[in-house]
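# Architecture at a glance
The lines below spell out each chain.
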Amino acid sequence: RKKFYYIGRISKCKKETLINHLISKNINLISCFPVFRNSSDKSESTPDSPSTAFRVCLLEPELTNFLNSENWPNGVVIREWTFAAKPTNNNGSNQ
């Protein structure tokens, strides 16, 4: 089963740097995308833009190693990704 996680408060880097760090810890990812908070950051960003936060997708068997605090510098925040709620139409049903 796929799991999505937020990684934040890391030194600004490109996704390749994060992917290489995880590979060095024997953690296999399905995907990795930079996360940008400000709308100005989002409009100028690309999937290869440096960031201090990322959304990663990995399989459940990778979680033990991924969540091991010894694999991360002090201060890094890791939590399950929270997807935004789907908008509803006027009659209250999701589309």
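The text that follows walks through the structure, step by step, so that each part is easy to find. All of these numbers come straight from a predicted model, not from anything done at the bench.

## With respect to the sheet that holds strand S4 (residues 77–80)
The antiparallel open sheet is built from 4 strands, whose spatial order is S2-S3-S1-S4. Each having just a single partner strand, strand S2 (31–34) and S4 make up the two edges of the open sheet. The sheet shows a mean angle of 25° between the axes of neighbouring strands, direction not considered. Where strand S1 (residues 2–8) meets S4, 4 bridges bridge the pair, whose relative direction is antiparallel. Among the inter-strand pairings, Ile7 is bridged to a residue of S4, identified as Ile78.

## So, the packing of aromatic side chains
Per the stated rule, a full pass over the model turns up 4 aromatic pairs. Here Phe4 and Phe83 contribute two aromatic rings whose centre-to-centre distance is 5.2 Å and whose plane-to-plane angle is 80°, an arrangement assigned as edge-to-face. Of this pair, Phe4 sits in strand S1 while Phe83 sits in the segment after S4, and the two are 79 residues apart along the sequence. Overall, the relative accessible area of 48% leaves Phe83 in the partly exposed class. With a centroid separation of 5.4 Å and 65° between ring planes, the pair formed by Tyr5 and Phe66 is classed as edge-to-face. Note that Tyr5 is positioned in strand S1 and Phe66 in helix H3 (residues 63–66), a separation of 61 residues in sequence. With respect to burial, Tyr5 and Phe66 carry one shared label: buried. Feature note: the residues Phe4, Trp81 and Phe83 constitute an aromatic cluster, connected by ring pairs. Taking NZ or CZ as reference, Arg55 lies 5.7 Å from the ring centre of Trp81, over its face. Sitting over the ring of Tyr6, Arg79 keeps its end group 4.3 Å from the ring centre.

What counts, and at which threshold
Residues numbered from 1 in each chain as written. Predicted model: local features only at pLDDT ≥ 70, side-chain atom pairs only at ≥ 80, totals over all residues. Heavy atoms only, no water. Pairing = 2+ DSSP bridges. Helix = DSSP H or I, 4+ residues; strand = E, 2+ residues; numbered from the N terminus. Axes fitted to C-alpha atoms, helices over the stretch in contact; angles between N-to-C directions. Phe/Tyr/Trp six-rings, centres within 6.5 Å; stacked < 30°, edge-to-face > 60°. Buried < 20%, exposed > 50% of the residue type's maximum accessible area, 1.4 Å probe, protein only. Lys NZ or Arg CZ within 6 Å of the ring centre and 35° of its normal.

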